[in-house]
Amino acid sequence: MGVTVTQLYRKIDETRAYCFNVESSRGLSPEEMTRLRLILADGLLIETVQEAPVLSGERVVEVGPRLNFATAWSSNMVSICSATGLDVITRVERSRRYQVPESVELARFIEDNHDRMTECHYPSPLTTFDTGVEPEAVYEVDLMSKGPDGLNELPGISMDEWDRNLYYDYFVKQQKRNPTIVEIMDLNNANSEHSRHGFFKGKQVIDGQEMEGTLFDLVTETLTASPKGSLIAFKDNSSVIDGYDIDTIIPKEPGTPSPFVPVRVNYNPLLTAETHNFPTGVAPFPGAETGTGGRIRDVQGTGKGGLVIAGTAGYCVGNLNIPGYDLPWENNYPAPENLASPLEIEVQASNGASDYGNKFGEPLIQGFTRSFDMRLENGERWGFLKPIMFTAGVGQLDRRHTDKAKEEKGMIIVQVGGPAYRVGFGGGAASSMLQGENESSLDFNAVQRGDAEMEQKMNRVIRACNEMGDKTLIDVIHDQGAGGPANVLKELVEKSGGWVQIRNIRVGDPTMSVLEIYVAEYQERTGFLIRPENIERFQAICKREKVGCEVLGEVTGDLRFVVKDESNNTTPVDIDLPVLLGEIPQKTFEDTRKPLRGKPLDIPADLTVMAALQDVLRLVSVGSKRFLTNKVDRAVTGLIVQQQCCGPLQLTVGNVAVVAQSHFGKTGIATAIGEQSIKMLVDPAAGARMAVGECLTNLVWSKIEDLEQVKCSANWMWAPKLAGEGAALYDAAAAMRDVMIDVGMAVDGGKDSL
């Protein structure tokens, strides 16, 4: 008997029920069915799971995961089934069944009760997860006859004229061939603003005058002036400063079952920050959870592998317009149809980030939130239509693992983590576009899928290697983020070259094309270079932690990067790394200052203190944060000294967060946030200075060793393509530089989301 799909049902309430769609390689025996019902039961009460539907009739609708999209829930359920001897079960998806009231239109109900990015309507019970879709073949992009502008015909392309000419010259004039679609989409992500930061490194001409330095120069001048304590800066998507010798415990034989033993090691504080604005605007819950997951992997990918401790988060959205809670300053302005509402983003994005941290085991110890959407007297509208989803992570790094090893010929290229899915397709390039430039159908493709449990499995592999100290099995590590395997695999060998076999990547969706396998940003994956003599031990640790370990290829040393496809003996990618991923020529950006022509503050004569206070306290940035703090782990790990709530009632939100480096010492890490985005609309320079001031006045509540060792992650969420905003960004960066140099602190990392 072949593959079958069986349905089991569990009642939620009188109008809702779960349907469990169980795929197995053969029919289940009565004993196996009993075992499965117990696994799926509510509180191990087998009678709560039935083989017959618990809701019936023409008004019952069912929605669930897309058929070609195995969920994280399914992955975990299959693991549980396997551990209980049900190896015949290959997939379990949980759909939802609703009894729709007669007064509600069925089509509208379905639309309002499913996530169109990851779910679909089931018009009848499933009999198979096979969609019948055949993967799209690799094809050539015809530049030889159409020229550079032939690239404009491809959907989702974010290349400017300079980029198009570069690739035309390389493929057509130098290589005498057309590029494949895989090569073009790879380069579209790799050289997007999101990945290469061309604006921050470009020449700035403001009001007809070329500025003395680039934006990146302004930021790095703070570190040149105050370098004390800096170990890693502006690389690895993280920064690391001098720490302390600490006492801790590690397994006697890391990677195997063994007792803990006390050790004395030198651990250094680590900070990384990330924004996931665009994906969170499109699909708030998965956008924010994968933002948190990506930032955790930035910690893991620092040096030869970092240790995760805690996270922080921030959310900025438009007017909330909470039903039944009218605020006099809020207007219900129109918003792009491809974005969720501000209220949905505020609730679901914080749910996503909290959910991921809770499942991974990382506490959330600090944050901020803000709501703003206003039309000025000159007709301009300023608001967080494209939201801000900010996340930062505090960790630490063994001093022996500060520097990655040099790539060497013969090293094995490995990826660890979950399987490939058609999610996050083109996200790096999509994040580089102005709101509204991309096709809305592609917007949903640019959002990812989170699996915190898979990331924790991968984390245990990395931690086991970390705890080996000088004998770590990891020589080079890079996390997979924007651009998917295409970016991370080239990062691993960017100074040496290498080849990979695309069919060695484990695929969770059999309909994925080579292009999608290679470029999609499926999460919970990290790339490694492992020496041949260490690969068996590394694979054994991965097997112990039940996480996939894919041996993809090896380092060649010829400065070429080649992707092989053993299914048809082709090479979908064959490029020279120095030519296409080396230093790109500096671009020039011109802008003119457009200062805000606002009126002086005019306080109404009849405004009372109580009325003003009532309005201020109803601002989401000022009022109670219990809707954020009460749903997230804030103190797990035993290393949290000061989390985001403080005081005897745990109602007040703290200014500073503090973590300990060890359970056995009194050294630690303090972190604080400064954020003054609204003031920058009035005066960019003043707003930047006040953001630095806010950060310092928050940090002052923790005793620190030396102000000159305070290092910051500067995160720029700006729209510099708008007239006047490139100049405003430059003025803000210059003001930040000046005030930081004056007080002795410095920037050593950060993120630009432009």
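For the structure itself, look to the data block above.
Residues numbered from 1 in each chain as written. Predicted model: local features only at pLDDT ≥ 70, side-chain atom pairs only at ≥ 80, totals over all residues. Heavy atoms only, no water.

Asker: Give a detailed account of the overall build of the protein chain, specifying residues and quantitative values.
Answerer: Looking only at helices and strands, one finds 23 helices and 32 strands in the protein chain. Radius of gyration (C-alpha) of the protein chain: 27 Å, near the 27 Å computed for a compact globule of 754 residues. Across its three principal axes, the protein chain shows a C-alpha extent of roughly 75 × 70 × 65 Å. Here the protein chain, with 754 residues, has 53% of them falling under the buried criterion. Across the protein chain, the fraction of contacts at a sequence separation of at least 24, relative to all contacts at a separation of at least 6, is 77%. Accessible surface for the protein chain amounts to roughly 33,400 Å². Of this, 52% is attributable to carbon and sulfur atoms. Both charge centroids of the protein chain, one from 75 positive and one from 104 negative side chains, sit 4 Å from each other. (Helix = DSSP H or I, 4+ residues; strand = E, 2+ residues; numbered from the N terminus. Rg over C-alpha atoms; globule rule 2.2 N^0.38 Å. Buried < 20%, exposed > 50% of the residue type's maximum accessible area, 1.4 Å probe, protein only. Contact = heavy atoms within 4.5 Å. Areas by Shrake-Rupley, 256 points an atom, 1.4 Å probe, with all protein chains shown as cover. Lys, Arg positive; Asp, Glu negative; His and termini not counted. Charge placed at Lys NZ, Arg CZ, Asp CG, Glu CD.)

Asker: Just give me the short version of the packing of aromatic side chains, but keep the residues and values in it.
Answerer: Enumeration according to the criterion identifies nine aromatic pairs in this entry. On the numbers, 6.2 Å between centres and 45° between planes, the contact of Tyr-18 with Phe-20 is tilted. On the numbers, 5.9 Å between centres and 50° between planes, the contact of Phe-200 with Trp-716 is tilted. Here Phe-200 is found in the loop between helix H7 (193–196) and strand S7 (203–206), whereas its partner Trp-716 is found in strand S31 (residues 711–717), with 516 residues between them in sequence. The burial state of Phe-200 is the same as that of Trp-716; both residues are buried. Put simply, the rings of Tyr-18, Phe-20 and Trp-73 touch in pairs and so form one group of aromatic residues. One cation-aromatic arrangement involves Arg-94 over Tyr-18; the distance from NZ or CZ to the ring centre is 4.7 Å. In this arrangement the basic side chain of Lys-564 is found over the ring face of Trp-499, its NZ or CZ atom lying 4.3 Å from the centre. (Phe/Tyr/Trp six-rings, centres within 6.5 Å; stacked < 30°, edge-to-face > 60°. Lys NZ or Arg CZ within 6 Å of the ring centre and 35° of its normal.)

Asker: Tell me about the nonpolar core, residues and numbers included.
Answerer: Counting residues in hydrophobic clusters, the biggest one holds 50 residues, and the most contacted among them are Tyr-518 and Phe-561. Those elements that provide at least two residues to this core are helix H5 (161–174), helix H6 (181–190), helix H15 (484–492), helix H16 (514–519), strand S22 (548–555), strand S23 (560–565), strand S24 (570–576) and helix H18 (577–581). With six residues, the single largest contributor to this core is H5. Other than its neighbours up to four places away in sequence, Phe-561 contacts Leu-489, Lys-490, Val-493, Gly-498, Val-500, Tyr-518, Val-573, Asp-574, Ile-575 and Leu-577. (Core = buried A, V, L, I, M, F, W, Y, C linked by side-chain atoms within 4.5 Å.)

Asker: How would you sum up the sheet that holds strand S5 (residues 89–99)? Please name residues and give values.
Answerer: Taken together, the six strands give an open sheet; going across it, the order is S3-S1-S2-S5-S4-S6, and neighbouring strands pair in antiparallel fashion. A single partner strand is all that each edge strand has here, and the edge strands are strand S3 (49–50) and strand S6 (119–121). When strand S1 (residues 4–13) meets S3, the two strands line up antiparallel, connected through two bridges. Bridge pairing in S3 places Tyr-9 opposite Gln-50. (Pairing = 2+ DSSP bridges.)

Asker: Tell me about the environment of Ala-190, and name the residues and values.
Answerer: As for its placement among the helices and strands, Ala-190 is situated in helix H6. On a C-alpha basis, the gap between Ala-190 and Val-519 in space is 9.9 Å, while along the polypeptide they are 329 residues apart.

Asker: So what about the sheet that holds S7? Which residues, and what values?
Answerer: The strands that make up a sheet are held in pairs by hydrogen bonds between backbone atoms, and each pair lies either parallel or antiparallel. Judged by pairing direction, the sheet is mixed, and its three strands sit side by side in the order S8-S7-S25 without closing on themselves. Of all the strands in the sheet, the pair left with one neighbour each is strand S8 (209–210) and strand S25 (588–591). Pairing analysis gives four bridges linking S7 to S25, with the strands arranged parallel. Across the sheet, residue Gln-204 finds its bridge partner in S25, namely Phe-589.

Asker: Can you explain the pairing of strand S17 (residues 388–398)? Please cite residues and give values.
Answerer: One face of the sheet, then the other: side chains in a regular strand alternate in exactly this way. Within S17, 11 of the 11 residues are buried, which leaves it mostly tucked inside the rest of the structure. The alternating pattern of S17 places Ile-388, Phe-390, Ala-392, Val-394, Gln-396 and Asp-398 and Met-389, Thr-391, Gly-393, Gly-395 and Leu-397 on opposite faces, both of which are buried. As defined by bridge partners, strand S12 (residues 260–275) adjoins S17 across nine bridges and the pair is classed as antiparallel. Bridge pairing in S17 places Leu-271 opposite Val-394. The pairing of strand S13 (residues 307–317) with S17 spans nine bridges and is antiparallel. The partner of Leu-307 across the bridge, within S17, is Gln-396.

Asker: A description of the environment of Gly-553 should follow, citing residues and the corresponding values.
Answerer: Here Gly-553 shows up in strand S22. Judged by relative accessible area, which is 6%, Gly-553 ranks as buried. With 271 residues separating them in the primary sequence, Gly-553 and Val-282 have C-alpha atoms 35 Å apart. With residues up to four places along the chain from it excluded, the contact list for Gly-553 reads Met-411, Ile-412, Ile-413, Trp-499 and Val-500.

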